[in-house]
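As a plain string of letters, each chain reads:
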Amino acid sequence: CVFLPSPTVTSPCKILKCNSEFWAATSGSHHLGAEEAPEFCTALRAYAHCTRRTARTCRGDLAYHSAVHGIDDLMVQHNCSKDGPTSQPRLRTLPPGDSQERSDSPEICHYEKSFHKHSATPNYTHCGLFGDPHLRTFTDTFQTCKVQGAWPLIDNNYLNVQVTNTPVLPGSSATATSKLTIIFKSFQECVDQKVYQAEMDELPAAFADGSKNGGDKHGANSLKITEKVSGQHIEIQAKYIGTTIVVRQVGRYLTFAVRMPEEVVNAVEDRDSQGLYLCLRGCPLNQQIDFQTIRSAQATEGRARRKGPSLPAPPEAFTYETATAKCREKLPVEDLYFQSCVFDLLTTGDVNFMLAAYYAFEDVKMLHSNKDKLHLYERTRELAPGNMAPTGTHPTLWVALLCLSWLCLL
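Worth saying up front: this structure is predicted, and the values here are computed from it rather than measured.

## A look at the confidence of the model for the chain
When pLDDT is averaged along the chain, the result is 76; 71% of the residues meet or exceed 70. Residue range residues 1–11 is modelled with pLDDT below 50. Its contacts to residues more than four positions away, or to other chains, number two contacts. Overall, residues 379–410 carries pLDDT values under 50, and its contacts beyond four positions in sequence, including any with other chains, amount to 73 contacts.

Below you can see the structure in the form of structure tokens.
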């Protein structure tokens, strides 16, 4: 059993609530005249009182300490006395037609409206994991990894995502994602902590506690699960952190894709300790299958022939020619998604891996903010000019990769 602490024992830092109340009380008054100063000072004292009430639970919170220093500066700038009347900040009148959204999800629980009210639209990034498995990081680095067992994809101040990869075939290093756990951490008055878990043949359309939103808090609807295709495709919207997550089951295995603001991506306590945060740092070097270093296809094939009797029998459902033909049905552009599709069909013989690559690219088209960076190409000396993958190329390279997948555990 898991026992959650009582609210009387511990409570979250309420600094964002204080910030929101002060902003609500003073919105529209950024250029104060002398006659408005008393009202501003009253709101400022209320702001200071709010920060004092939450001081005990905000130790180490940078936003809290920033607010405290900011209040002192504003007090001096507007000649406000620390002693004087305080009042509850007035709530802004909601514009017509906006009441339902604000009622269900306070402004503080809408990332773009609260964090970036007076600044440019945030930059969004994408990370995806699919197939055997192939990883596209937040910096658009594309890797093929072994990473058997449990690995963290995302681990920041707001959420944690962990995947478990298991062998696709006995004796092979080819792995795919068989389990996914997402933990949305409790966030102010927006959401309670929520856990989402999916496994092979079980893609629920609800959190582990049976709910479909962020819980009992006022902004609970800023976190929602939507079932797109029963048992095959769910989408999680976390508006309070500007994040969209897509989880699919394709065949027996899971795929993961996320769209997240850079500010949230980099919200980690100690960036230097995030070496295993795969979406941020990529797979460790000893877990990567590096396409670019495989040059000696003949030597690898020769070694495979010498060791042939001791190797597990490779799948025979696809040759290089039939695999490329199959992948072209769904992926006409010969980018890294196409190459991953061919590789997976050769190593597993499972046509569902072609669909996994296809849906992974569909998710990129939906989630990636830069439409000029949808396709990624292998940047090697063998590429044709213009960053385009040559048509019908690398059959011996794929044979080498196939052999490597059987050999890397020996």
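There is more to say, and it comes next.
## Focus on the pattern of salt bridges
Scanning the entire structure with this criterion turns up seven salt bridges. Its salt-bridge partner being Arg248, residue Asp363 comes within 2.8 Å of it at the nearest N-O pair. Linking Asp363 in helix H11 (residues 352–367) with Arg248 in strand E10 (residues 243–250), this pair joins segments that are 115 residues apart in sequence. An identical accessibility class is assigned to Asp363 and Arg248; each is buried.

## As for the sheet that holds strand E2 (residues 134–136)
Spatially, E3-E2-E1-E11-E10-E9-E8 is the arrangement adopted by the seven strands of the open sheet, whose pairing is antiparallel. The open sheet has two edge strands, strand E3 (142–144) and strand E8 (223–229), and neither has a second partner. When strand polarity is set aside, the average angle formed by the axes of neighbouring strands in this sheet is 10°.

## With respect to the sheet that holds strand E7 (residues 194–199)
An order of E4-E5-E6-E7 is seen for the four strands of this open sheet, with the pairing classed as antiparallel. Strand pairing shows two members of the sheet lacking a second neighbour, strand E4 (149–155) and E7, which therefore form its edges. Taken over all neighbouring pairs, the strand axes of this sheet differ in orientation by 20° on average, direction set aside.

Parameters and conventions
- Residues numbered from 1 in each chain as written.
- Predicted model: local features only at pLDDT ≥ 70, side-chain atom pairs only at ≥ 80, totals over all residues.
- Heavy atoms only, no water.
- pLDDT = per-residue confidence, 0-100.
- Contact = heavy atoms within 4.5 Å.
- Salt bridge = Lys/Arg side-chain N within 4 Å of Asp/Glu carboxyl O.
- Helix = DSSP H or I, 4+ residues; strand = E, 2+ residues; numbered from the N terminus.
- Buried < 20%, exposed > 50% of the residue type's maximum accessible area, 1.4 Å probe, protein only.
- Pairing = 2+ DSSP bridges.
- Axes fitted to C-alpha atoms, helices over the stretch in contact; angles between N-to-C directions.

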